[in-house]
Amino acid sequence: MDLTGRVAVITGGAGYLGRTMANTLAEAGANIVIVDINKEKIDSFCQELEKEWQIRTLGIAVDLENKDERRLIAEKVVAHFGSLDILINNAAFVGTSNLTGWGVPFEQQETETWRRALEVNLTALFDLTQSCAPYLKKSGHGSIINVASIYGIVGPDPRLYEGLPMFNPAAYAASKGGVVQFTKWCSTVLAPDIRVNAITPGGIFRNQAPAFLERYESRTPLRRMAHEDDFIGATVFLASDLSKYITGQNIVVDGGFSVW
Ligand SMILES: NC(=O)c1ccc[n+]([C@@H]2O[C@H](COP(=O)([O-])OP(=O)(O)OC[C@H]3O[C@@H](n4cnc5c(N)ncnc54)[C@H](O)[C@@H]3O)[C@@H](O)[C@H]2O)c1
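Not measured: the values here are computed from a predicted model. (Residues numbered from 1 in each chain as written. Predicted model: local features only at pLDDT ≥ 70, side-chain atom pairs only at ≥ 80, totals over all residues. Heavy atoms only, no water.)

Caption draft 1: Examining the packing of helix H5 (residues 111-139) against helix H6 (residues 170-189) more closely. In contact at an axis separation of 8 Å, H5 and H6 are set at 15 degrees when each is read in the N-to-C sense. When the axes of H5 and H6 are compared, the pair comes out roughly parallel. Read as a crossing pair, H5 and H6 show a hand that is right-handed. Residues Trp114, Ala117, Leu118, Asn121, Leu122, Leu125, Phe126 and Thr129 of H5 form the contact with H6, whose own contacting residues are Ala170, Ala171, Tyr172, Ala174, Ser175, Lys176, Gly178, Val179, Phe182 and Cys186. By residue class, the composition of the contact of H5 with H6 is 13 nonpolar, four polar and one charged. (Axes fitted to C-alpha atoms, helices over the stretch in contact; angles between N-to-C directions. Helix = DSSP H or I, 4+ residues; strand = E, 2+ residues; numbered from the N terminus. Parallel < 35°, antiparallel > 145°, perpendicular 65-115°, else oblique. Left-handed = near helix turned anticlockwise from the far one by under 90°. Contact = heavy atoms within 4.5 Å. Nonpolar A, V, L, I, M, F, W, Y, C, P; charged D, E, K, R; others polar.)

Caption draft 2: Region of the structure containing the pattern of salt bridges. Applying the stated criterion across every chain yields a total of 13 salt bridges. For glutamate 119, the salt bridge identified is with arginine 70, shortest N-O distance 2.7 Å. Taken together, the positions of glutamate 119 in helix H5 and arginine 70 in helix H3 (residues 67-71) put the pair 49 residues apart, joining distant regions of the chain. Measuring nitrogen to oxygen at the nearest pair gives 2.9 Å for the salt bridge that ties arginine 159 to aspartate 157. Within this structure, Arg70, Arg71, Glu119 and Asp127 form a network of salt bridges that share partners. (Salt bridge = Lys/Arg side-chain N within 4 Å of Asp/Glu carboxyl O.)

Caption draft 3: A look at the layout of surface pockets. A volume near 210 Å³ is recorded for the second largest pocket. Lining the second largest pocket are 14 residues; nearest its centre among them are Pro158, Tyr161, Met166, Phe167 and Asn168. Looking at the lining of the second largest pocket residue by residue, the class counts come to ten nonpolar, three polar and one charged. (1 Å grid on protein atoms, 1.4 Å probe; cavity = no way out; pocket = protein on both sides within 12 Å on 5 of 7 lines; lining within 4 Å. Points joined across faces, edges and corners; volume = space filled by probe spheres on them.)

Caption draft 4: Structural context of helix H1 (residues 16-27). Compared with an ideal rise of 1.5 Å per residue, which puts twelve residues at 16 Å, H1 spans 17 Å between its outermost C-alpha atoms and is within 8% of the ideal. Those residues of H1 lying buried are Leu17, Gly18, Thr20, Met21, Ala22, Thr24, Leu25 and Ala26. Of the residues flanking the end of H1, it is glycine 29, one or two places downstream, whose phi is positive at about 105 degrees. (Expected span 1.5 Å × (residues − 1). Buried < 20%, exposed > 50% of the residue type's maximum accessible area, 1.4 Å probe, protein only.)

Caption draft 5: A look at the nonpolar core. Within the largest apolar cluster, 31 residues are counted, with the highest numbers of intra-cluster contacts made by Val33, Ile73 and Val77. For this core, the elements supplying multiple residues, two or more each, are strand S1 (7-11), strand S2 (31-36), strand S3 (57-61), helix H4 (73-81), H5 and H6. Looking at which element gives the most residues to this core, the answer is H5, with six residues. For valine 33, the residues in contact, after removing those within four places along its chain, are Val7, Ala8, Val9, Ile10, Leu58, Ile60, Val77 and Phe81. Judged by nonpolar contacts, the second largest core, of 30 residues, contains Ala26, Ile32, Ile55 and Ala239. (Core = buried A, V, L, I, M, F, W, Y, C linked by side-chain atoms within 4.5 Å.)

Caption draft 6: Looking closely at the site of the ligand. Not every one of the 27 residues close to the ligand is listed here, only the nearest: Asp36, Asn90, Tyr172, Lys176 and Ile204. Within the side chain of tyrosine 172, a nitrogen or oxygen atom sits 2.6 Å from an oxygen atom of the ligand. With the chains in place, 87% of the 820 Å² that the ligand exposes on its own is no longer accessible. Those elements that provide at least two residues to the shell around the ligand are H1 and H6. A class-by-class count of the residues in the shell around the ligand yields 16 nonpolar, six polar and five charged. (Near = heavy atom within 4 Å. Polar contact = N/O pair within 3.5 Å; in protein donor to acceptor, adjacent residues only side chain to side chain. Areas by Shrake-Rupley, 256 points an atom, 1.4 Å probe, with all protein chains shown as cover.)

Caption draft 7: How the structure looks around the packing of aromatic side chains. By the definition in use, this model includes four aromatic pairs. Ring centres 5.7 Å apart and planes at 35 degrees place the aromatic pair tyrosine 161 and phenylalanine 212 in the tilted group. Pair noted here: tyrosine 161 is in the loop between strand S5 (143-147) and H6 and phenylalanine 212 is in helix H7 (residues 210-218), with a separation of 51 residues, a long-range link. Residue class for phenylalanine 212 comes out buried when judged on its relative accessible area of 5%. Ring geometry for tyrosine 216 against phenylalanine 257: centres 4.7 Å apart, planes inclined by 15 degrees, an arrangement best described as stacked. On the criterion of sequence distance, the pair formed by tyrosine 216 in helix H7 and phenylalanine 257 in the segment after strand S7 (250-253) is long-range, its members being 41 residues apart. (Phe/Tyr/Trp six-rings, centres within 6.5 Å; stacked < 30°, edge-to-face > 60°.)

Caption draft 8: Main features of unusual backbone geometry. Cis geometry is adopted by the peptide bond preceding proline 192, which originates at alanine 191 and carries an omega value of 5 degrees. A positive phi angle, close to 50 degrees, is found at glutamine 54, a residue other than glycine. In this fold, glutamine 54 is placed in the loop between helix H2 (39-53) and S3. Its relative accessible area of 64% is what places glutamine 54 among the exposed residues. A positive phi angle is found at arginine 223, which is not glycine, with a value near 60 degrees. Its place among the elements puts arginine 223 in the loop between H7 and helix H8 (232-239).

Structure, rendered in structure tokens:
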């Protein structure tokens, strides 16, 4: 699918999954905007993308926890490229983020961390969607992809974590459940000009403890954790006109983890 000349904004674009999504759309010809928190990481990745795919890039270093900073992203993109066609809301505090009161037993999880996670994982989507919407509307191909999680659609299975120093933050689940519902809400309100869909990843392999891996794989119909390249198909499909009659959907890419 040819995305030549389209402009794709990817939050958390310097992270693991964000990089795969950026490479996927750049390979299809899109110009890429990487939004993330660390300027050095953004700049070196943008250089890689330009060299590999002969496309144009823009790096925007921003802390998505800051409302004023995140509301300026859309204008910066349009000032640079003149248009904005695809928005991927992928940045998040994830299970392994190093935060106080986060990846700890429920009794130790903290209200302030809950607030911060909701801000980055959910409220930032509200501001980005609202500020990008006028430009996505003008695009004629406007597509938003929100990255959710299996923990936004099913409860965590405590048996996976038994005896391991791994915990599942309540705020992560609540924020991702919100992402799924916000996607549905936007899909009707922003129609017919902008399509809004979600991708729900299952757990991605990141050298987790062998005991966890064994349990996770045995409860997953396709018998393995996800790899970043498992998300290429859903990304190019939802970003492009291949899915031009699809909105409000959630493509669950989890090897079947959530079907039983
Ligand atoms: N890794 C998994 O197993 C898994 C499973 C389900 C869903 N997901 C979702 O996939 C998406 C990508 O996750 P990942 O595994 O690539 O993690 P990651 O940590 O590599 O990527 C997240 C990116 O978001 C950025 N980010 C975080 N807070 C930010 C802030 N305040 N301002 C700006 N940027 C910020 C980080 O710098 C990072 O580059 C997330 O939405 C995550 O919830 C991941």
